[in-house]
Amino acid sequence: MNDTALPTEPTPNTVTTSNKSTVQLVYALMAIGFVFGLTYLIGGIMALLKKGDEPDPLLKAHYVYQARTFGYSLLWLTLGIVTAFFLVGYLVLIANYIWALYRIIKGWLALTESRVV
């Protein structure tokens, strides 16, 4: 009889396809959110919820990165809307849009190369 047991949790060097697909889904939802805002919110909430449950350090780093992108972009969105009356808010909103899009692209590319962001 074979006494070797299959591991129940992924090892740090093994990324399961299912878990990686979920991280990719969050990036996709956040990217689509630039056209349909609700998906950005859904992707950000998913990242916040999943970051504590992920055993793989690579994917956990991506969830943390996504959650930070989501949180800071909401902060800058709020500041941009509040200061839009003074016209400087429009610059804040444009900068926030570019910054969040850059982070999503950078993170997604790093994930496809299995690199930590």
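Bear in mind the structure is a predicted one, so any value in this text is a computation, not a measurement. (Residues numbered from 1 in each chain as written. Predicted model: local features only at pLDDT ≥ 70, side-chain atom pairs only at ≥ 80, totals over all residues. Heavy atoms only, no water.)

> I would appreciate a short explanation of unusual backbone geometry in the present structure.
Trans is the prevailing form of peptide bonds, just as negative phi is the prevailing case for residues other than glycine. Not every positive phi belongs to a glycine, and Leu 87 is a case in point at roughly 70 degrees. With respect to the helices, strands and loops of the structure, Leu 87 is situated in the loop between helix 3 (57–83) and helix 4 (88–112). By relative accessible area, which is 60% here, Leu 87 ends up exposed. The phi torsion at Ser 114 lies on the positive side, around 55 degrees, for a residue other than glycine. Here Ser 114 is to be found in the segment after helix 4. (Helix = DSSP H or I, 4+ residues; strand = E, 2+ residues; numbered from the N terminus. Buried < 20%, exposed > 50% of the residue type's maximum accessible area, 1.4 Å probe, protein only.)

> I would appreciate a short explanation of the packing of aromatic side chains in the present structure.
Given two aromatic rings, one states the distance between the centres and the angle between the planes to describe the pair. Counting across every chain of the model gives five aromatic pairs. An angle of 15 degrees between the planes, with centres 6.1 Å apart, marks the rings of Tyr 27 and Trp 108 as stacked. Here Trp 108 lies in helix 4 and Tyr 27 lies in helix 1 (residues 17–32), a separation of 81 residues in the sequence. For Tyr 27, a relative accessible area of 1% gives the class buried. For Trp 108, a relative accessible area of 30% translates into the label partly exposed. On the basis of an interplanar angle of 85 degrees and a centroid distance of 4.8 Å, the ring pair of Phe 34 and Tyr 97 is categorised as edge-to-face. Here Phe 34 is found in the loop between helix 1 and helix 2 (37–50), whereas its partner Tyr 97 is found in helix 4, with 63 residues between them in sequence. Phe 34 gets classed as partly exposed once you look at its relative accessible area, which sits at 22%. By the ring-pair criterion, three or more aromatic residues cluster together here, those being Phe 34, Tyr 40, Phe 70 and Tyr 97. Arg 103 extends its terminal NZ or CZ atom over the ring of Tyr 65, reaching a point 4.0 Å from the ring centre. (Phe/Tyr/Trp six-rings, centres within 6.5 Å; stacked < 30°, edge-to-face > 60°. Lys NZ or Arg CZ within 6 Å of the ring centre and 35° of its normal.)

> I would appreciate a short explanation of the side chain of Asn 96 in the present structure.
Turning to its location among the elements, Asn 96 is positioned in helix 4. A polar side-chain atom of Asn 96 sits 3.1 Å from the main-chain carbonyl oxygen of Ser 73. Discounting residues that sit within four places of it in the chain, Asn 96 has contacts with Ser 73, Trp 76 and Leu 77. (Polar contact = N/O pair within 3.5 Å; in protein donor to acceptor, adjacent residues only side chain to side chain. Contact = heavy atoms within 4.5 Å.)

> Even after reading the chapter, I still don't get the layout of surface pockets, so can you show me in this structure?
Empty space among the atoms becomes apparent when a probe as large as a water molecule is rolled across them. There is about 290 Å³ of room inside the largest pocket. Considering the residues around the largest pocket, the lining is formed by 13 residues, among which Gly 33, Phe 34, Tyr 40, Leu 77 and Asn 96 are closest to the centre. Broken down by secondary-structure element, the contributors of at least two residues to the lining of the largest pocket are helix 2, helix 3 and helix 4. When its residues are assigned to classes, the lining of the largest pocket shows nine nonpolar, four polar and no charged. (1 Å grid on protein atoms, 1.4 Å probe; cavity = no way out; pocket = protein on both sides within 12 Å on 5 of 7 lines; lining within 4 Å. Points joined across faces, edges and corners; volume = space filled by probe spheres on them. Nonpolar A, V, L, I, M, F, W, Y, C, P; charged D, E, K, R; others polar.)

> Mind showing me how you'd approach helix 2 here?
If you check helix 2, its first and last C-alpha atoms are 20 Å apart, about what 14 residues at 1.5 Å a residue would give, namely 20 Å. Tucked inside the fold, the buried residues of helix 2 contact helix 1, helix 3 and helix 4. (Expected span 1.5 Å × (residues − 1).)

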